[in-house]
Each structure stands twice: as structure tokens, then as C-alpha cells.
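# Structural characterization, general
What follows is the residue order along each chain.
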Amino acid sequence: MDQKLKAGAGVSSLILATGAVALGAFLSHRHRLRTTDNASSSAKRQPPGDLALVGRSVTIRQARAKLFEYWRDFSNLPKFMENLESIEDAGANDALMWNIKAPAGRTVSVTTEIDSEKQDEHIAWRSVEGSDIETSGEVRFEDAPGDRGTRVSLTMSYDPPGGALGQLIAKLFQREPQVQTRHDLKRFKMLMETGEIATSVRTNDETRVVKQENG
Amino acid sequence: MRALTWHGTKDVRVDTVSDPEIINSRDAIIRVTSTAICGSDLHLYDGVIPAVRPGDVLGHEFMGEVVETGANSNLEKGQRVVVPFTISCGGCFHCKMQQYSACDNSNPVEKQDLSATLYGQPMSALFGYSHLTGGYSGGQAEYVRVPFSDVGPIVVPDHLNDDQVLFLSDILPTGWMGAENADIEPDDTVAVWGCGPVGLFAIQSAIMMGASKVIAIDHYPNRLALAKKLGAEIIDFRETDVREALMEMSGGIGVDAVIDAVGMESHGFAIDNIIDVAKQKVGIGADRASALKQAIMAVRFGGKVSIPGVYGGMSDKWPLGAIMEKGLQIRSGQTHVQKYTKDLLAKIEDGTLDTTFLISHRLPLEKAAEGYKNFKEQQNEWTKVVLKPGMAG
Ligand SMILES: NC(=O)c1ccc[n+]([C@@H]2O[C@H](COP(=O)([O-])OP(=O)(O)OC[C@H]3O[C@@H](n4cnc5c(N)ncnc54)[C@H](O)[C@@H]3O)[C@@H](O)[C@H]2O)c1
Ligand SMILES: [Zn+2]
Ligand SMILES: [Zn+2]
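About the cut-offs
Residues numbered from 1 in each chain as written. Chains lettered and ligands numbered in written order. Predicted model: local features only at pLDDT ≥ 70, side-chain atom pairs only at ≥ 80, totals over all residues. Heavy atoms only, no water. Helix = DSSP H or I, 4+ residues; strand = E, 2+ residues; numbered from the N terminus. Buried < 20%, exposed > 50% of the residue type's maximum accessible area, 1.4 Å probe, protein only. Contact = heavy atoms within 4.5 Å. Near = heavy atom within 4 Å. Polar contact = N/O pair within 3.5 Å; in protein donor to acceptor, adjacent residues only side chain to side chain. Areas by Shrake-Rupley, 256 points an atom, 1.4 Å probe, with all protein chains shown as cover. Domains from an automatic or database assignment. Buried area = accessible area lost by both parts, 1.4 Å probe. Salt bridge = Lys/Arg side-chain N within 4 Å of Asp/Glu carboxyl O. Nonpolar A, V, L, I, M, F, W, Y, C, P; charged D, E, K, R; others polar. Donors = N, O, S within 2.8 Å, 3.2 Å for Na, K, Ca; no water. Phe/Tyr/Trp six-rings, centres within 6.5 Å; stacked < 30°, edge-to-face > 60°.

### Quick look at the overall build of chain A
Scanning chain A from N- to C-terminus turns up 6 helices and 7 strands. The order of α-helices and β-strands along chain A, N terminus first, is α-α-β-α-β-β-β-β-β-β-α-α-α. Within chain A, buried positions represent 43% of all 215 residues. For chain A, the share of sequence-separated contacts (at least 6 apart) that also reach a separation of at least 24 residues comes to 47%.

### Focus on the site of ligand 1
All names here are of chain B. Taken together, 32 residues sit near ligand 1, with S40, H43, D218, H267 and P308 positioned nearest. Measuring from an oxygen atom of ligand 1, one finds a side-chain N or O atom of R223 at 2.9 Å. Coverage of ligand 1 by the protein chains reaches 97% of its 860 Å² of free accessible surface. When residues of the shell around ligand 1 are assigned to their parent elements, the largest contribution, 3 residues, is made by helix α1 (residues 39-45).

### Quick word on the domain arrangement of chain B
Residue and element names in this part refer to chain B. Per the domain assignment, the segments of chain B are domain 1 (2-170 + 335-388) and domain 2 (172-332). Measuring from the centre of the C-alpha atoms in domain 1 to the corresponding centre in domain 2 gives 25 Å. Here domain 1 packs against domain 2, burying approximately 2600 Å² in sum over the two surfaces, 65% of which is carbon and sulfur. Put simply, domain 1 and domain 2 have 0 salt bridges between them. At the surface where domain 1 touches domain 2, the tally comes to 11 residue pairs in polar contact (both at pLDDT 80 or more). Those elements that provide at least two residues to the side of domain 1 that touches domain 2 are α1, α12 (337-349) and α13 (368-377). Ranked by residue count, the leading element in the side of domain 1 that touches domain 2 is α12, at 6 residues. In terms of residue class, the side of domain 1 that touches domain 2 is made up of 17 nonpolar, 9 polar and 8 charged.

### Brief notes about the coordination of the zinc ion (ligand 2)
Residue and element names in this part refer to chain B. Donor atoms from the polypeptide that coordinate the zinc ion (ligand 2) comprise C38 (SG), H60 (NE2), E61 (OE) and D170 (OD), at 1.8 to 2.3 Å from the metal. Of note, the zinc ion (ligand 2) draws all its donor residues from one chain, in the sequence arrangement C-x21-H-E-x108-D. Here the residue C38 occupies a position in the loop between β3 (28-37) and α1, and D170 occupies one in the loop between α4 (162-165) and α5 (171-180), the gap between them amounting to 132 residues. Each of the two residues, C38 as well as D170, counts as buried.

### Remarks on the interface of chain A and chain B
Quite often, the size of an interface is put as the accessible area lost when its parts meet. The interface is formed by 21 residues belonging to chain A together with 35 residues belonging to chain B. For the pair chain A and chain B, the summed buried surface comes to about 2400 Å²; carbon and sulfur atoms form 49% of the total. The partner of A:K189 in a salt bridge is B:D104, and the shortest N-O contact between them spans 2.9 Å. Summed over the shared surface of chain A and chain B, the number is 18 residue pairs in polar contact (both at pLDDT 80 or more).

### Focus on unusual backbone geometry
Residues and elements named next belong to chain B. In this model, K10 sits at a positive phi of 55°, which is unusual for a non-glycine residue. Note on placement: K10 falls in the loop between β1 (2-8) and β2 (11-16). By relative accessible area, K10 is classed as partly exposed at 43%. A positive phi angle, close to 45°, is found at F148, a residue other than glycine. Checked against the element boundaries, F148 lands in the loop between β8 (143-146) and β9 (154-155).

### So, the coordination of the zinc ion (ligand 3)
In an ideal tetrahedron of four donors about a metal, each angle is 109.5 degrees. In an ideal octahedron of six donors, the angles are 90 or 180 degrees. Residues and elements named next belong to chain B. Looking at the zinc ion (ligand 3), one finds its protein donor set to be C89 (SG), C92 (SG), C95 (SG) and C103 (SG), positioned 2.3 to 2.5 Å from the metal centre. When the donors of the zinc ion (ligand 3) are listed by position in the chain, the intervening gaps give C-x2-C-x2-C-x7-C. No difference in accessibility class separates C95 from C103, as the two residues are buried.

### Notes on the packing of aromatic side chains
Enumeration according to the criterion identifies 12 aromatic pairs over all chains in this entry. Their ring planes at 40° and their centres at 5.4 Å tell us that B:Y45 and B:Y372 sit as a pair that is tilted. Taken together, the residues span a long stretch of sequence, with B:Y45 in helix α1 and B:Y372 in helix α13 at a distance of 327 residues. Residue classification places B:Y372 among the buried residues on the basis of a relative accessible area of 0%. Ring centres 6.1 Å apart and planes at 55° place the aromatic pair B:F167 and B:F201 in the tilted group. Highlighted residues: B:F167 in the loop between α4 and α5 and B:F201 in helix α6 (residues 197-208), separated in sequence by 34 residues. Pair check on accessibility: B:F167 and B:F201 agree, each one buried. Ring pairing ties together the aromatic residues A:Y70, A:W71, A:F80 and A:F188, which thus form one cluster.

Structure (C-alpha cells):
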């Protein structure tokens, strides 16, 4: 495994990580033909099936420092990340245990460490060695023009292992990770701009039903 | 509670459904005292708006009494409020620019994908409309859950009765914004297609904004008569060639500004409309834009086109050449209601705006289905229907 794998690393290093050499050769060939336009890597067309890297941006009308601070307290993340059951402290080096909702009421856990961070600018994390899921993520905070607030970009990558657990996890993350990331970021925006997450349910019972459907 | 629910095309019923509750801290619950049926509701009734589901509570024009408040609502129990049909957070990029009907945060995340696919970006939320716009339960009911109740509802004084202020919820600001979007200048001749409630309020607004002449187009004598009373000249499109008449009435120049207050279910037997009716019936997603096409042909070079009428999908045979070659300005949108409520309330209070002249029928909520049927089928006489949950049948 490539130990230097980081969120936001290009398609080619992800391919190294999955060890799909033939596909990698095909992709790096494709890669060479690409123009280097200004679009973010998450907007690049990716070959079908290659959904390991997902990313999105939103603009939030709040100060960079406030958003950074909220995110840096990782226990806040389950408030807007639908797949997350909880995040707990897991020891030294800012280790965190992510408890992720899996199909059939199961939970999958993965421990991460902070990989790099810069106050009010970015936070990157990745799974510790020997984890069942290789995962990494990075959130960036940049000033948006004028008084538009802060542009927040989230990139996540997953590399599920083989075997039965691997299949389960793959299924979990293949539940349209692009859509999931976009939805999570939009919920973050709602929470930061309005203090709540919009729902059109009429009764609290309905809220519970909706949650069950998604969980 | 009792509420008007959608069950399918031309099938709406008053059912018993669960009472709304406070869900988020900025919510309030309103006990509805008056609610109206709108031309937009007819698009749902006719099944030409996607993503409406059986059991959905309709209605987006409503007012009433605050009966419950969330921890972060700034309303107080007992206050009388009119509620804008647009649900807006007040704090996002669009709300800060007063583009309230484009609020980023009111449409639940999981409902945003469909409209983002249709339009490029997601729509914001509206009461009692489609799941494209959030699927929020609407106001043709005894009670409504109102999100962001610290931003939308406007408290109204007791000396104004319901009928005077109810239309602040939609059609009064919609007519006003329809006229404002036409950038009316003092010597302008303005033509308005459609003398329904939206068209009538657009006519009244255009006159107040100083248009030298306003021309109203429809085919219902009674609706045309209301337009005439407001001071408009009128054209009955069943009897008159509209384009020719407008060329004459504008001294051969073409009218300076046009307002489409008809929307996607244009009437008439113009050939393009007959084809569009057929396409809409077989469900291939063509909006009927006959009135709008006529408006684009009638407006002068460099003229202004305002579209308060609602469209939802695609339209065929769009006069793109006329738009480009004539250098037209086009403005449209769901109304940014919260931007206008305060000023318009002041105009109601000082008597410069008449808001009740178009109400033809007042019915108890229980008779809402009858209201829909007649507002759809007897448009000449049924110009605006107000439902009163408390009214004796
Ligand atoms: N932009 C907004 O926020 C907003 C808000 C409310 C309503 N609306 C829309 O405004 C439109 C009008 O609403 P309304 O309540 O007045 O509806 P309505 O159905 O009562 O009125 C429409 C009128 O248009 C007339 N008409 C139909 N075809 C015509 C044609 N070819 N030429 C001239 N007139 C024609 C009809 O006879 C009718 O009187 C609808 O599309 C409605 O959805 C938009
Ligand atoms: Zn309306
Ligand atoms: Zn907003």
C-alpha cells in the first residue's frame, strides 16, 4: 500500500492503492490526454465503477474560523453526515473512531488519525494502518469573494478490503457516494446558516419514520 | 385536523390528517383563518406539475393565528399573521440579496436532486406545492407548520380584516413583482396576458408604477370587466387578433413591456397551443406557452418581458430568433414575497391598493373541492376563492 495516500491525491495514486495495475495503465494513458483545466478534481469525469474518490464544494455564509472550529470538533459530524452513527475519541494523536451505519442495522468502525491540519484552512485525516477500510478525507476552508462567506470543499476516498466484509463495505459506500457527500455538505451548510436542518415532515413520528427509511 | 389533500388529477378531497407539530426550533404552528385557491393550485389539480403525491396537503396562500412557537421563533401566541408562500431562511446567499424564492436552505436536502437535475440548481421550498419544492404541507388546512417563522410571516393589524391582507401571501406581491420586472417607465404601454388574480394585480401595480397605458388580454368577459374597472383597456382574444390590435394600440411601435400572467396552461385554439395541449396530455413534458409566445411577438424591439406565469418543464417552438433579434429583456421567477410584504401592507393600510375586489366566492374549508372544480371550470364567474376553516357550511 502507498503509505503516502492522501485525500485529494490524483486518480493514479488511488489506483496504486487498489492495485489494479492494468486499469491503472489504461487510466494513466487517459490522464495524459487530459487538458489541465481549472475544474476541481471532483468535477472530472471518472470511468464507471471508479467511485473511490468523491468531493464537493459549498459556499457557506459564515466566517472561516467558525466553520473550522465546528468541524474540528469531530463529534459534531454525525449531526449532518447521514452515514455516521457517532465519532468518539480513540486515544493519542487525535485518534478518532468513526462508527459508520451499515446495511441491516450493522455498524462498521474505522479509526483515523489527523494527517495534517492548518488552523482555519484545512483538516486531513486517514485511517490508521491495519484498518478494515482504508479511508482518508480532507476538508478545506477558503474565503469566498466579498461577503459570500467561506467556500468549503470536502474530499473523501475509500478503499474497501476484499472478502465478505469488503463487499459489505463496498456496497455501503457505493450507495452513491457523490450524492452522499453532496447531501452531507448541504446539511452542514443548513446547520451553519440557519441553525437547523430543513425537513418537510408534519409530525415528529414522521421524522422517526424518515430516519428509519434512511438508516 | 381537516385538510384539502391531493389524490390525483382533478381529484382533491378534504380529509382528516395528523395535526402538525413543531419540528425545528424556528417553527411556529398557525391556526388558519383564511386561505385561498390560486392559479398555481390549478396546475397541481390538472396534474401538469411533477412530483405531487397522493395525500399531499395543498395550499400556499394562508393566514391565521399563531398557536404554538418553537424556541427560536420570534412570534407570539395569539398574533395574527399572513404567511408568504415561499419558505426562506433569511440567512443564505440568496435571502441576503432578497431573492427569497431562491433560498438555499428551505428545501430538504434529499428533495433537492430532482429540481437540480431539471434546472441546474435545486429549487427552494414552497408551501403545499410539489416535492420538487420540498413537499411541505400547505395552508388549505386547519393548521400549518411554518418553518423559519422568524423570517416569513408578517404580523397584521387588527383593524384590517382577513380579506384585505390575505393576498400578501402570494398574488399581491406576485402582481407587483410582475410589474416591477417589466421596468415600467412613464410613457410605456404595457400589455398583460391573463386577467386572473395575478394578472389583475399586475395591472393595478403597472398603473400605480406610472404606465401611460395598460392593455389587458383574456377571453372571460367578467374578468376583462374587472381589468377595465382598474383602468385598463381590454382585448378579448376570442374576438380580436391580439397582435394586430396591440400594434395599432401602440401606434405601430409594438408595446414597450409585456407581462405573461397566464402560465403553462394557456387557453385558446392557436395552432401551437393545440399541439402543446396534446403533448401535455400524453405527458411528454411540453409546457403550453402560447400566450408567452404571443407576448414575445407583440413586444417592441428592445422591449421588456416579465413572466410571473408559472412554467415547469420544456417548451417547443420557442421564438428564439425574436428574442435575440429584438434584443429583449426577460425577467421571471417565483415571487420573492418577503421582499414586498411590508411595503404592500402599508399600501393596503393607506388605501392605495384595493385587494378585495376580485374575491368572488367565500366557502368553508369543507367545500374546498367544490371551490377547485368551479375555479377551474367556471373561470368567468369564479375569479378568486377564499376558504374559511371556521365558516359554517
Ligand atoms: N410567479 C409566481 O410566484 C406566481 C405566483 C402565483 C401565481 N403564479 C402563476 O400565475 C399564473 C396566473 O395565476 P392566476 O391565479 O391568475 O390564474 P388563473 O388561472 O385564475 O388566471 C389565468 C387567466 O389567464 C387567462 N388566459 C388563458 N390563456 C390565455 C391566453 N392565451 N391569452 C390571454 N389570457 C389567457 C385565463 O382565461 C385566466 O383568466 C399561473 O400560471 C400561476 O401559477 C405565479
Ligand atoms: Zn398562489
Ligand atoms: Zn435562505
